[in-house]
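What follows is each chain in one-letter form.
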Amino acid sequence: MEKEHIVADITMLRIAQVISMVFTPFSIPFLSLLVLFLFSYLRVLPISYKIYVLGIVYCFTILMPTVTIFLFRKMNGFSRKELVQREKRYVPILLTILSYVCCWLMMRRLNLPLYMVGIIFSALVVAVVCIIVNLKWKLSEHMAGMGGVIGGIVAFGELFSYNPVGWLCGFILVAGVLGTARIMLGHHTLGEVLAGFAVGFVCTLLILHPLSSILMFRLLLF
């Protein structure tokens, strides 16, 4: 019986690792745009245009941060577990911020629609807030990204005038599973998970929601 419990625990930890890998913060902007292109009226856009935009976002928000953080880790001899420590998270987050800044500037230069640029800008703001909070307290970037997704769903529901309840239910469930996975893996406490979610949700809602057009956040997108 004890052996079966051990096997079950190992299986659950492996599932938690897979969930954390799939819903990494790097993938959130790319997946957000992909969902818009597939399930909103934006699906009528030319396939070449969608591939072009997704290619830019992939290069700057997934490929570039992953490669630079990998090189940083190898050059300093850090393991993945060591980068979980709060004191060693600054450089990876700064490298991510730099990549997002490049993506944001590129999308502005190409005059892409405001809501597309806003997705990158909101991810950038969330990363900046995370590194500031990290000076005193470690929070979950995974949950910050998931909070950003849910905040974006609420904002786009208002912007595109559709009922987002179905999407909200699905992603709230995913957020719960992801938060549980981060706690099971020992990377975060419940407080760090909830704080990360709150940061992502509030920042994204302030930037993307149509009612926030009077705020300085929105003015910075032009």
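Refer to the structure above for everything that follows.
A quick note: this is a predicted structure, and the numbers were derived from the prediction, not measured.

K.L.:
What exactly am I supposed to notice about the packing of aromatic side chains here?
P.N.:
Aromatic ring pairs: the centre-centre distance and the angle between the two ring planes describe each pair. Inspection of the entire model under this criterion finds 4 aromatic pairs. Between Trp-104 and Phe-121, the aromatic rings sit 5.2 Å apart at their centres with planes inclined by 40°, giving tilted as the arrangement. Separated by 17 residues along the polypeptide, Trp-104 in helix α4 (residues 90-109) and Phe-121 in helix α5 (residues 114-133) bring together distant segments of the chain. Arranged with centres 6.2 Å apart and planes meeting at 10°, the rings of Phe-197 and Phe-201 form a pair that is stacked. Placement of the pair is Phe-197 and Phe-201 together in helix α8 (residues 190-208), with a separation of 4 residues, close to one helical turn. Assessed through its relative accessible area of 24%, Phe-197 is described here as partly exposed. Taking the relative accessible area as the measure of exposure, Phe-201 reaches 25% and is therefore partly exposed.

K.L.:
Would you mind going over unusual backbone geometry with me for this structure?
P.N.:
Most peptide bonds adopt trans geometry, and most residues besides glycine take a negative phi value. If you check the backbone angles, Asn-111 has positive phi at about 55° while not being a glycine. Topologically, Asn-111 is positioned in the loop between α4 and α5. Judged by its relative accessible area of 66%, Asn-111 is exposed.

What counts as what
Residues numbered from 1 in each chain as written. Predicted model: local features only at pLDDT ≥ 70, side-chain atom pairs only at ≥ 80, totals over all residues. Heavy atoms only, no water. Phe/Tyr/Trp six-rings, centres within 6.5 Å; stacked < 30°, edge-to-face > 60°. Helix = DSSP H or I, 4+ residues; strand = E, 2+ residues; numbered from the N terminus. Buried < 20%, exposed > 50% of the residue type's maximum accessible area, 1.4 Å probe, protein only.

Read these as spatial facts, not as claims about activity.
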